[in-house]
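What the coordinates show
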Amino acid sequence: MATRAGPAKVEVIAEIGSVHDGSFGNALKLIDAAAEAGVDVVKFQTHIASAETLRSAPAPAYFATEPRYEYFERTAFSRDQWSAIQKHCEETGVEFLSSAFSVEAVDLLESIGLRRYKVPSGEVTNIPLLKRIARTGKPVLLSSGMSSWAELDAAVETLKGCDLVVMQCSSEYPCKNDQVGLNVMTEMKQRYNVPVGFSDHTLTNYATFAAVALGASVIERHFTFSRLMYGSDARHSLEPRELADCVRGVHAISEMLDSPVEKGSAARYRTMKETFEKSLVVTRAVRKGEMISPDLITVKRPGTGIPASEMPHYIGRTAARDLDPERLLTREDFA
């Protein structure tokens, strides 16, 4: 069975998105909470309403109480605030990442020195945006949620000069188990010959753990202080304790996958084998010269004598000395 070649840490991204609801202070506190949970990266969404949507564009159901355009305007940060957020991430020991939803958003993020980009599912067919990101030459995480293979092929081709990771996700919020599509992640790895990741929209960590076992190199989970918070993502996000459990599980599974066990040697089980395995003994007192018939030999603990597996070799032989049933047999006990 194939094993991974050397340690391969799985990155965990906490998707803060816009769950901060436009509060700069909440954004910083969410970074702190995500870092405390053990993530490697925190990801935001950089929206510039006038650059990405018409005021008349239809909104999803969860924007029923607030026009989407106004929501994007209200929750947007200035360039200086984005720069401060990135600096706070650096000080906290996590990487700052953001999804750009327009060419103008890429320009903004470039101006503060973003290290890599995340392409959200809804922008996979936005070739002008992908070309702008490709021109940066920076690494890219490409989401795949609502895309067909043809659309994803075109996106991968557009980004072919970038260090690319393709992320399987299902654009369902929350996502049910039968919609997760872990098989697609495996197919993407074979189709594009690039690392793959998994953006999990379920409300448990089960799919995440399965994705890591199947070879995901990056995991993304939506994150919030509480699912009771206002906004588009809070209700299908992990809370701090759940995120911490997710990180612990990902690290544990990654360690298991990167630590192949040599089954050909039982040396590390020596003490266990001596304690739990069995050795040859006689069933009653046997006199010297008496032949060992099948009914005169059995096996009992401990496993420090003649192994039970060798019993056939001693049936039919004779006792070299008187044998006591309360003593493990040795090879010298047989003529």
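Residues numbered from 1 in each chain as written. Predicted model: local features only at pLDDT ≥ 70, side-chain atom pairs only at ≥ 80, totals over all residues. Heavy atoms only, no water.

Another point: helix α7 (residues 149-158). Those residues of α7 not exposed but buried are L152, A155 and V156. Along the long axis of α7, the arc covered by the buried residues comes to 100 degrees, so they all point the same way. On its buried face, α7 is in contact with α6 (127-136), β5 (140-143), β6 (164-168) and α8 (182-192). (Buried < 20%, exposed > 50% of the residue type's maximum accessible area, 1.4 Å probe, protein only. Helix = DSSP H or I, 4+ residues; strand = E, 2+ residues; numbered from the N terminus. Arc of directions from axis to C-beta. Contact = heavy atoms within 4.5 Å.)

So, about the environment of D178. By secondary structure assignment, the location of D178 is in the loop between β6 and α8. For D178, a relative accessible area of 69% translates into the label exposed. In sequence terms D178 and D233 are 55 residues apart; their C-alpha atoms lie 21 Å from each other.

As a further point, take a nonpolar patch on the surface. Among the surface-exposed residues, Y269, M272 and F276 lie close enough to one another that they form a single nonpolar patch of about 320 Å² accessible area. Considering the arrangement of structural elements, one finds Y269 in the loop between α10 (240-257) and α11 (270-276). (Patch = residues over 30% accessible without salt bridge, like charges linked within 9 Å, V, L, I, M, F, W, Y side chains within 5 Å. Areas by Shrake-Rupley, 256 points an atom, 1.4 Å probe, with all protein chains shown as cover. Salt bridge = Lys/Arg side-chain N within 4 Å of Asp/Glu carboxyl O.)

Now for the pairing of strand β9 (residues 279-282). Alternating positions in β9 separate into two faces, S279 and V281 on one and L280 and V282 on the other, with burial throughout. Pairing geometry for β9 and strand β10 (residues 297-300), over four bridges, is antiparallel. Looking at β10, one finds that V282 is bridged to I297. (Pairing = 2+ DSSP bridges.)

Moving on, we get to the packing of aromatic side chains. Counting across every chain of the model gives eight aromatic pairs. With 6.2 Å between their ring centres and 85 degrees between their planes, F24 and F77 make a pair best called edge-to-face. Of this pair, F24 sits in helix α1 (residues 24-37) while F77 sits in the loop between α3 (68-75) and α4 (79-92), and the two are 53 residues apart along the sequence. Classification of F24 by relative accessible area gives partly exposed; the value is 26%. Judged by centre distance (6.0 Å) and plane angle (55 degrees), the rings of Y71 and F72 are tilted. Accessibility expressed as a relative area gives 2% for Y71, which makes it buried. By relative accessible area, F72 is classed as buried at 6%. Ring-pair connections join several aromatic residues into one group, and the members of that group are F24, F44, F77, W82 and F96. (Phe/Tyr/Trp six-rings, centres within 6.5 Å; stacked < 30°, edge-to-face > 60°.)

The next subject is the sheet that holds strand β2 (residues 41-46). A barrel is described by the order of its strands in space; here eight strands give the closed sequence β1-β2-β3-β4-β5-β6-β7-β8, paired in parallel fashion. If you compare each strand with its neighbour and ignore which way they point, the axes differ by 25 degrees on average. With six bridges joining them, β2 and strand β3 (residues 95-100) adopt parallel strand pairing. When the sheet's bridge partners are listed, K43 is paired in β3 with L97. (Axes fitted to C-alpha atoms, helices over the stretch in contact; angles between N-to-C directions.)

Structurally, T53 is set in the loop between α2 (49-52) and α3. Take T53: its relative accessible area is 17%, and that puts it in the buried class. What T53 contacts, discounting residues up to four positions off in sequence, is Y69 and F72.

Let us look at unusual backbone geometry. Of the consecutive residues R301 and P302, the connecting peptide bond is found in the cis state with omega at 5 degrees. Within the fold, P302 resides in the segment after β10. Of note, D21 is a non-glycine position whose phi angle comes to about 60 degrees, a positive value. Assignment of secondary structure puts D21 in the loop between β1 (11-17) and α1. Given a relative accessible area of 25%, D21 falls into the partly exposed group. With phi around 55 degrees, N193 is a residue other than glycine that occupies positive phi space.

Right, let's talk about the side chain of H88 for a bit. Along the chain, H88 turns up in helix α4. In contact with H88, other than residues within four places in its own chain, are L28, I31 and D32.

In this section: the confidence of the model for the protein. Here the protein averages 92 in pLDDT, and 97% of its residues register 70 or above. Scored below 50 in pLDDT, residues 1-7 makes nine contacts in the model with residues more than four places away or belonging to other chains. (pLDDT = per-residue confidence, 0-100.)

The next subject is the environment of G22. Residue placement: G22 occurs in the loop between β1 and α1. Relative accessible area serves as the criterion here: at 25%, G22 is assigned to the partly exposed category. The spatial distance from the C-alpha of G22 to the C-alpha of Q179 is 31 Å, given a sequence separation of 157 residues. Here G22 is in contact with R74, T75 and F77, once residues within four sequence places are set aside.

Okay, the packing of α1 against α4 next. Relative orientation of the contacting elements α1 and α4 amounts to 20 degrees, with a least axis distance of 10 Å. With respect to α4, the axis of α1 lies roughly parallel. Here α1 and α4 pass one another in a crossing that is right-handed. Residues F24, A27, L28, I31, D32 and A35 of α1 lie in contact with α4, whose contacting residues are Q81, A84, I85, H88, C89 and T92. Here the contact of α1 with α4 is built from residues that sort into eight nonpolar, three polar and one charged. (Parallel < 35°, antiparallel > 145°, perpendicular 65-115°, else oblique. Left-handed = near helix turned anticlockwise from the far one by under 90°. Nonpolar A, V, L, I, M, F, W, Y, C, P; charged D, E, K, R; others polar.)

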